[in-house]
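Next come the chains, spelled out residue by residue.
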Amino acid sequence: MSDYRPVGCQTYGEFERAIVLRQRLQVSWRDDQGLDHLETLTPFDLETCRGEEFLHARTAGGGDLRLRLDRIKRAWVVPDPV
């Protein structure tokens with residue numbers, strides 16, 4: 001049995017919006033080992049697998065991440081450079 005805690009519809013919708021608008025996000029999350037991370041990511045997909053929801057995102061260096069939504073502590077839009 002998973003310890004996953006579903007996120008609210010508004011939070012899920014904000015990730016969907018960022019994907020559609022191709023917005024970069026500053027994301028703070030805790031990984032499987034309990035380490036905290038803060039990174040600018042470009043989300044490109046959401047996935048549900050075995051009752052858990054995940055955000056797929058690309059790092060600034062071009063790597064791909066799969067983050068479980070309930071481990072994301074905070075995410076906010078990074079303004080485009082002027």
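The shown structure was predicted, so the numbers you read here are calculated from the model rather than taken from an experiment.

Basis of the calculations
- Residues numbered from 1 in each chain as written.
- Predicted model: local features only at pLDDT ≥ 70, side-chain atom pairs only at ≥ 80, totals over all residues.
- Heavy atoms only, no water.
- Buried < 20%, exposed > 50% of the residue type's maximum accessible area, 1.4 Å probe, protein only.
- Helix = DSSP H or I, 4+ residues; strand = E, 2+ residues; numbered from the N terminus.
- Pairing = 2+ DSSP bridges.
- Expected span 1.5 Å × (residues − 1).
- Contact = heavy atoms within 4.5 Å.
- Polar contact = N/O pair within 3.5 Å; in protein donor to acceptor, adjacent residues only side chain to side chain.
- Core = buried A, V, L, I, M, F, W, Y, C linked by side-chain atoms within 4.5 Å.
- Phe/Tyr/Trp six-rings, centres within 6.5 Å; stacked < 30°, edge-to-face > 60°.
- Lys NZ or Arg CZ within 6 Å of the ring centre and 35° of its normal.

Q: Just to check I follow, could you spell out the pairing of strand S1 (residues 25-30) for this structure?
A: Working note: regular strand, side chains alternate between the two faces of the sheet. Of all six residues that make up S1, five are buried, and the element is covered over most of its length. Pairing between S1 and strand S2 (residues 36-49): six bridges, direction antiparallel. Directly across from Gln26, in S2, lies its bridge partner Thr40. Connecting S1 to the antiparallel partner S2 that follows it, the hairpin turn spans five residues, and Gly34 within it adopts a positive phi of roughly 90 degrees.

Q: Can you walk me through the pairing of S2 in this structure?
A: Looking at chain direction, S2 and strand S3 (residues 52-59) are connected through eight bridges and run antiparallel. Paired with Asp45 across the bridge in S3 is His56. The antiparallel hairpin formed by S2 and S3 contains two residues in its connecting segment, where Arg50 sits at a positive phi of about 55 degrees.

Q: How do you make sense of helix H1 (residues 9-20) when you look at a structure like this?
A: An α-helix turns once every 3.6 residues. As a result, residues three or four positions apart point the same way. A rise of 1.5 Å per residue sets the reference length of H1, with its 12 residues, at 16 Å; its end C-alpha atoms lie 16 Å apart and thus fit the reference within 8%. Downstream of H1 by a residue or two, Arg22 has a phi angle that is positive, lying close to 55 degrees.

Q: Would you take a moment to explain the environment of Ala75 for this structure?
A: For Ala75, the position within the fold is in strand S5 (residues 72-77). Along the sequence, Ala75 and Thr11 sit 64 residues apart, while their C-alpha atoms lie 9.4 Å from each other.

Q: Explain the environment of Arg66 here, please?
A: Along the polypeptide, Arg66 turns up in strand S4 (residues 64-68). We classify Arg66 as partly exposed; its relative accessible area is 42%. When the C-alpha positions of Arg66 and Ala18 are compared, they lie 16 Å apart, and in sequence the two are 48 residues distant. In this structure Arg66 touches Glu47, Cys49, Phe54, Leu55 and His56, once residues within four positions along its chain are discounted. Here the side chain of Arg66 touches Glu47 through a polar contact of 2.8 Å, side chain to side chain.

Q: Would you take a moment to explain the nonpolar core for this structure?
A: Here is a general trend for soluble globular proteins: nonpolar side chains tend to be buried in one another's company. Formed by 13 residues in total, the largest nonpolar core has its most connected members in Phe15, Val27, Leu69 and Ile72. Looking at this core, the elements with two or more residues in it are H1, S1, S2 and S3. Excluding residues that lie within four positions of it along the chain, Ile72 makes contacts with Phe15, Val27, Ser28, Trp29, Leu55 and Leu67.

Q: Could you clarify how one ought to interpret the packing of aromatic side chains in this entry?
A: Within a pair of aromatic rings, the relevant descriptors are the distance that separates the centres and the angle that separates the planes. For the coordinates displayed, the defined rule picks out zero aromatic pairs. Here the basic side chain of Arg74 rests over the ring of Trp76, its NZ or CZ set 4.3 Å away from the ring centre.

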